[in-house]
Structures are given as structure tokens and as C-alpha cells.
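Survey of secondary and tertiary structure
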Amino acid sequence: MFFRRSKQEREALQQPFPDAWRQRLAYRWPMFTTLSPDERERLEDLVKRFLARVRFEAAQGFTVTDEMRVLVAAQACLPVLELDLDLYRQVTSVILHPRTVVLKGTRNVGSHLASDTDQTLAGQAHHRGPVVLSWSTVAYEARHHERGQNVVIHEFAHQLDMLDGMIDGTPPITDRDLRARWVTACTAEYRKLRRGEEGILRPYAATDTGEFFAVAVETFFTVPVAFAEGAPELYALLCEVFGQDPAARLNPAP
Ligand SMILES: [Zn+2]
């Protein structure tokens, strides 16, 4: 399916990417500096388009700055760098809270709980609705990717999963052979986690298949070298699905 770029997007693309944004990204998100010049240029174009499409809202009493919008947009766009920004076409807005939100009532599908005990929420993805994020978590995890968590990538992975209307851990993979291999590899790793065995993914991935996918994607992009060593088959499949090899980016061949 082809979506025509909106007038706002075309206008945004004609503007240069501000150097101040580039500097803030490099400081806030060290992963940005590991991209090749070509990848960085394409990511910057995606960020411009993303910001032209997605509305940012602040929780009451909070102010969203350009720096916040750019940091969220850049991390959200990394998974679709080799795919298509239209994969996020259902994302209407991003709502930023200053800190984690205390969860009231029942747990919504696609929620990312920072902790299962105090029920605070670092992020939440809604089907055809907003992505809710805690700015303090976004900023901390961008700076410390070696910890293997990234709430922005996590919640946008849920958006990819939700494209077909279901949260089932299967993103839109059109190639039938790849899809079959994906389901087989994920099922094996997911069952291992459910049995309580240790794997490359943190235990939260055993919550359900939707969380398994979101955690797999954030682990793939934050600690790819460890992922490639710990679960080479699943890692290779994620490389195929996303058209990227993040471990090679961090450990370039000599
Ligand atoms: Zn989640």
C-alpha cells in the first residue's frame, strides 16, 4: 500500500535538519553516533516526517520541548529505518508524562510496566491511539542502551504488532517463508521463557506473546551483540525482518 506524503511532510523534508538537534541527539542517545552517515541522513529525514505527522501532547503541568520530541521521534524511527514510516500510520499522537505514571485499574494491553510490584507505567501503546511515555524513562534509557531497555522502541514495536489489529507478537511480515520461520523461532524462545528458563530476553517477555515481541525488538536494538551471541537464530531473523544488523553497527568488521 502506498501512502502519499502529506503537504506538511513534504515541507518538513525541505527544511534542513537543525544542527542543534543533531548535537542533542548525539549527547542524549549515544546509539545515534554509531549510525553510518547514510543511515543518519535517512533517519533525520524520517524524524522530520514523523514530527510533521505525529502530534505531541504534554501531561498536565508538563511542557514538551523540541529536544524531547526529537529524541522520541529518532528512537521510534530506528526500527523502521529500512522499512516504511507508514508502518506507524495508526499512531496519532504521543503523550509525554514527566515521570512514570501510577497505573490505575486493570492493565491495558500493550502496557510496559517498569515494575510489576508498584505498578508504575513507563509507557503504553494504544491500538489506533496515542503512545504514552514517561520522559524520565525515555531520557534515561536513551543514554544507557547497554541496560537493554528502551521504552520508545518497546511501545512502537507494539504498534508494529498491532497493525493487523491483533497483539500476537507477529509483525506484518509479507514473505510467507520468513513468517513461518519467525513464528517457529519465537515460539521456541517464548516457551523456554514460560518454563522459567533463562534466555537472552528479560523475564517480562514471558508475560504474553505481545510483550515477547516488544521486548525482543528493544533488546535487538539496545544490546545487539549480546543478543546475537545468546540467541543467534532469533537475532538473524530480526535482522531479516528489520533489514538491519545492529550488532555489526556496534562491532564493525575489521
Ligand atoms: Zn509492552
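Predicted model only: the values in this text are computed from it and were never measured.

1. Describing the confidence of the model for the chain
- Scored by pLDDT, the chain comes out at a mean of 89, with 90% of its residues at no less than 70.
- The least confident element of the chain, judged by mean pLDDT, is strand 4 (residues 111–113) at 55; the most confident is helix 4 (residues 66–77) at 98.

2. Side note on the coordination of the zinc ion
- Looking at the metal site, the zinc ion is ligated by His 154 (NE2), His 158 (NE2), Glu 211 (OE) and Glu 211 (OE), spaced 2.0 to 2.7 Å from it.
- Coordination at the zinc ion is irregular: its four donor atoms span angles of 52 to 149° at the metal.
- Every donor residue of the zinc ion comes from the same chain, spaced as H-x3-H-x52-E. Of the two residues, His 154 sits in helix 6 (residues 151–162) while Glu 211 sits in helix 8 (residues 209–222), which places them 57 residues apart along the sequence.
- Of the residues examined, His 154 reaches a relative accessible area of 0% and is grouped as buried.
- With a relative accessible area of 1%, Glu 211 lands in the buried category.

3. Examining the pattern of salt bridges
- Enumeration over the complete set of coordinates arrives at 19 salt bridges.
- Its salt-bridge partner being Glu 57, residue Arg 55 comes within 3.0 Å of it at the nearest N-O pair.
- Notably, a salt bridge pairs Lys 192 with Glu 189, separated by 3.7 Å at the nearest N-O pair. Remark: Glu 189 and Lys 192 occur in helix 7 (residues 176–194); sequence separation between them is three residues, near one turn of the helix.
- You can call Glu 189 buried: its relative accessible area is 9%.
- Each member of the salt-bridge network shares a partner with another, and the members are Glu 9, Arg 49, Arg 53 and Asp 86.

4. A look at the nonpolar core
- With 75 residues, the main nonpolar core has Trp 29, Leu 43, Phe 50, Val 94, Leu 133, Phe 156 and Phe 242 as its most contacted residues.
- Among all residues touching Phe 156, those that are not within four sequence positions of it are Phe 50, Ala 76, Tyr 88, Val 91, Val 94 and Val 131.

5. Describing the packing of helix 2 (residues 19–28) against helix 4
- Two numbers describe how helix 2 lies on helix 4: the axes approach to 10 Å, and their chain directions differ by 65°. With respect to the hand of their crossing, helix 2 and helix 4 are arranged in right-handed fashion. The residues of helix 4 that touch helix 2, namely those facing Trp 21, Arg 24, Leu 25 and Arg 28, are Asp 66, Glu 67, Val 70, Leu 71 and Ala 74.
- The class makeup of the residues in the contact of helix 2 with helix 4 is five nonpolar, no polar and four charged.

6. Considerations on the packing of helix 7 against helix 8
- Between helix 7 and helix 8, the least distance of the axes is 11 Å, while the angle of their chain directions is 100°. With respect to each other, helix 7 and helix 8 are oriented roughly perpendicular. Here Trp 182, Cys 186, Glu 189, Tyr 190 and Leu 193 of helix 7 come into contact with helix 8, specifically with Thr 209, Phe 212 and Phe 213.
- By residue class, the composition of the contact of helix 7 with helix 8 is six nonpolar, one polar and one charged.

The rules we used
- Residues numbered from 1 in each chain as written.
- Predicted model: local features only at pLDDT ≥ 70, side-chain atom pairs only at ≥ 80, totals over all residues.
- Heavy atoms only, no water.
- pLDDT = per-residue confidence, 0-100.
- Helix = DSSP H or I, 4+ residues; strand = E, 2+ residues; numbered from the N terminus.
- Donors = N, O, S within 2.8 Å, 3.2 Å for Na, K, Ca; no water.
- Tetrahedral: all angles 85-135°; square planar, octahedral: opposite > 155°, others 65-115°.
- Buried < 20%, exposed > 50% of the residue type's maximum accessible area, 1.4 Å probe, protein only.
- Salt bridge = Lys/Arg side-chain N within 4 Å of Asp/Glu carboxyl O.
- Core = buried A, V, L, I, M, F, W, Y, C linked by side-chain atoms within 4.5 Å.
- Contact = heavy atoms within 4.5 Å.
- Axes fitted to C-alpha atoms, helices over the stretch in contact; angles between N-to-C directions.
- Left-handed = near helix turned anticlockwise from the far one by under 90°.
- Nonpolar A, V, L, I, M, F, W, Y, C, P; charged D, E, K, R; others polar.
- Parallel < 35°, antiparallel > 145°, perpendicular 65-115°, else oblique.

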